[in-house]
Amino acid sequence: NDLEQLYVHESVENVIPKEAFVEAFSDFPIPVELVGDGEEYDERDGVVTYVPGEEFLDAGWVHCARAGYDAFDTEAYAEAGVPLTNSSGIHGATVGEVAIGCMLSLARMLHVYRDNQNETHWYTPDYERPFTVENERLCVLGLGTIGEGIATRADGLGMEVVGVRRSDEPVPGVSEIYGPDDLHEAISDARFVAITLPHTPETDGLLSTPEFEAMREDSYLVNVARGPIVDEDALVSAIEDGEIAGAALDVFETEPLPDQSPLWDMEEVLVMPHKGSATNRYHLDIADLVKENVEHYWAGEELRNRVA
Ligand code: NDP
């Protein structure tokens, strides 16, 4: 249970200001040091990093500074007996608010008004087009931290919220929970389908042509999880063919979204730069999580968010 030093790999810079992050540990009882590649580690070291690295497998514990840890070889960690933890559990408000904002924009047409503002155009929509999210049905795929963050907020807006997860553990704000086998039933009546699943072999390409056909023609897909969970070509075709009405996407198969992607030019598609979790206090949220786990490590307790 010896952990004597914490190293912060400079790749954390992808999501947080690295100096401010180290500064957040100024009152911490062990040294916290910023490092680059080529460092050597041993079991008394903890490492906080954004990118994976072979050398981290020699450390005592590795913390991934993001929720999605699909880039890390979890089997290698299990084999080496090095616990790997991720930064889940802190994105309920940030990503939750983005998803809610997207649904409100799509329903109340804020994105279309801004497009027209850019053209100095006083725009009048068709009578049939605007609607309220109130009383509309939302299906949340994946009911973890982010799923719950969306569900409780949507419930507060008077939406009818259902969801899909493998376990049937109840979730605040969610009136009905479906299993993965009932995915089509769960999404078929929803005005919004929000994806908050991890990207795993089971969820890769989960939403494709059959799912878009099962969805309502006036429904919108909101993906704030990971791009490859959605078959992007199938999504483009589904929107072009009117199988669904549109989408709000924070994540893509290829990021940044390539210039030639048809998604850029679709009026009923919101393209966001994978910044759903962005907040000016993200470094403090991650630091709190790391500090909590150091305490668990010292006490020989189960680490929070252990993924390998
Ligand atoms: P959690 O681990 O808290 O939640 C994941 C949920 O998905 C759980 O409720 C789990 O429930 C469910 N789940 C897992 N596998 C399946 C499956 N095969 N079928 C149905 N349900 C499944 O993660 P978070 O909510 O914190 O984050 C979710 C994902 O969002 C992350 O993995 C990450 O990729 C992405 N993300 C995106 C961000 C952004 O900036 N846009 C920021 C942060 C995260 P059960 O075990 O019952 O199945």
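The preceding data block contains the structure.
Being a predicted model, the structure only gives us computed values, none of them experimental.

Peer 1: Is there a simple way to think about helix H4 (residues 110-117) in this case?
Peer 2: Three or four residues apart is the spacing at which side chains of an α-helix point the same way, because the helix has 3.6 residues per turn. Along H4, the residues classified as buried are His111, Val112 and Asn116. Seen from one end, H4 has its buried residues packed into an arc of 140°, which puts them on one side. Looking at the buried positions of H4, the neighbouring elements they touch are helix H3 (92-108) and strand E12 (269-271).

Peer 1: What am I meant to see in the packing of aromatic side chains here?
Peer 2: Each aromatic ring pair is described using two quantities: the centre-to-centre distance and the angle formed by the ring planes. Scanning the model with the defined rule gives 11 aromatic pairs in all. Considering the side-chain rings of Tyr7 and Tyr41, the 5.4 Å spacing of their centres and the 75° angle between planes classify their relative orientation as edge-to-face. Within this pair, whereas Tyr7 is found in strand E1 (residues 5-9), its partner Tyr41 is found in the loop between strand E2 (32-35) and strand E3 (45-49), the two being separated by 34 residues in sequence. By relative accessible area, which is 11% here, Tyr7 ends up buried. Since its relative accessible area comes to 7%, Tyr41 is described here as buried. Summarising the aromatic geometry, the rings of Phe72 and Tyr77 are spaced 6.4 Å apart at their centres and angled 50° between planes, so their arrangement reads as tilted. The pair Phe72 / Tyr77 is uniform in exposure class, with both members buried.

Parameters and conventions
Residues numbered from 1 in each chain as written. Predicted model: local features only at pLDDT ≥ 70, side-chain atom pairs only at ≥ 80, totals over all residues. Heavy atoms only, no water. Buried < 20%, exposed > 50% of the residue type's maximum accessible area, 1.4 Å probe, protein only. Helix = DSSP H or I, 4+ residues; strand = E, 2+ residues; numbered from the N terminus. Arc of directions from axis to C-beta. Contact = heavy atoms within 4.5 Å. Phe/Tyr/Trp six-rings, centres within 6.5 Å; stacked < 30°, edge-to-face > 60°.

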